[in-house]
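Here is what each chain is made of, one letter per residue.
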Amino acid sequence: MLRTDKTSKQIFEDWQANPRLPQFGMGERVCLLNVDFQRRYTDTATFASAYDGHPDQLTLTNRLSAAVRGMGMPVVWTYVAYMPDGRDCGLWGVRSKSPMALQNVGHDSPQAEIDARMEVDRERDLILHKRMASAFFETHLPSFLIFNRIDTLIVTGGATSGCVRATVVDAMSNGYRVIVPEECVADREEGAHYATLYDIAFKYGDVTPAARVLDNLAKLSARHGRNADAA
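This report concerns the structure included in the present document. Remember, it's a predicted structure, so these values are computed and weren't measured experimentally. Counting starts from 1 at the beginning of each chain's written sequence and moves along it residue by residue. The predicted nature of this model means local features are confined to residues of pLDDT at least 70 and side-chain atom pairs, given and counted, to a pLDDT of 80 or more, with totals for whole chains, interfaces and linings taken over all residues. Only hydrogens and water are removed before side-chain values are computed, so all heavy atoms of the structure are retained for them.

### Considerations on the overall build of the protein chain
Argument step 1. A tally of regular secondary structure across the protein chain gives seven helices and seven strands.
Argument step 2. Only DSSP runs of H or I covering at least 4 residues are called helices, and only runs of E covering at least 2 are called strands; the numbering of each starts at the N terminus. Reading the protein chain from its N end, one meets helices and strands in the order α-β-α-α-β-β-α-β-α-β-β-α-β-α.
Argument step 3. With the C-alpha coordinates of the protein chain rotated into their principal frame, the extents come out at 60 × 50 × 30 Å.
Argument step 4. In what follows, residue pairs with any heavy atoms lying within 4.5 Å of each other are defined as contacts. Considering only contacts within the protein chain whose residues lie at least 6 apart along the sequence, 78% involve residues at least 24 apart.
Argument step 5. With the model as given, the accessible surface of the protein chain reaches about 11900 Å², and the carbon-plus-sulfur share is 51%.
Argument step 6. One way to put it: in the protein chain the 26 positive side-chain charges average out to a point 4 Å from where the 29 negative ones average out. Only the protein chains shown count as cover for residues, with accessible areas throughout obtained via the Shrake-Rupley method and a probe of 1.4 Å. Asp and Glu are treated as the negative residues and Lys and Arg as the positive ones, with His and the ends of the chain left uncounted. Just so you know, the charge point we use is NZ for Lys, CZ for Arg, CG for Asp and CD for Glu.

### Observations regarding the layout of surface pockets
Argument step 1. Cavity means a closed set of points on a 1 Å grid over the protein atoms alone, one where a 1.4 Å probe fits but cannot get out, pocket means an open set with protein on both sides within 12 Å along at least 5 of 7 lines, and lining means a residue has an atom within 4 Å of a point. Grid points are joined across faces, edges and corners, and a volume is the space filled by probe spheres set on the points. Of the voids in this model, the largest pocket is the one considered here, and its volume is about 470 Å³.
Argument step 2. Lining the largest pocket are 20 residues, with R40, Y41, W92, L102 and C163 sitting closest to its centre.
Argument step 3. Listing elements by their share of the lining of the largest pocket, those giving two or more residues are α2 (39–42) and α5 (160–173).
Argument step 4. In terms of residue class, the lining of the largest pocket is built from eleven nonpolar, five polar and four charged. Here the nonpolar group is Ala, Val, Leu, Ile, Met, Phe, Trp, Tyr, Cys and Pro; Asp, Glu, Lys and Arg are the charged ones; every other residue, Gly included, is treated as polar.

Shown next, in the form of structure tokens:
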């Protein structure tokens, strides 16, 4: 095991400054997967379980959503919630009896509501209920992506070290290119956040500034437009 006195943030920044592997890049068909922008994790004024991310996290995620939607490609919003007695939470629900424990988040709970600051198009976007960390686990996300011929997933949301990481690993394992806009993911703990960003960048996907992702989406949209004109 390599040992270092550097923080996880410093290790991640060293990687960003001098990556040892090329990026996977963006394919031709993208889906934006916004993980758990629900009030339990975003409403810091109301819920102790919530946490702050980058100051522009929500704004940039909305811009990404508009860009992907404008290309006629899918935008997905996930949320976690459970039955009234919480039994479908499984082992995730056995460690705490606190009123704020995860298994107590019902479908009609304010904690399950997608944050009102998020610009969700409820006629076009997919609102995806999940029970576990990964958006792939026992949901219809895989068939949805196949039907839409997706080859690239852009993943935002939280927590970086939890549901985002689990979703990213499953996405790569299922053969998708993965892009994580750096400012658009958040975690309660800084150390866990940056350690996970490094882990993703080293193994599972591209961790990229949101501005670059938006620029690459614009280029992809223009390319699709030229292809349509040529056809």
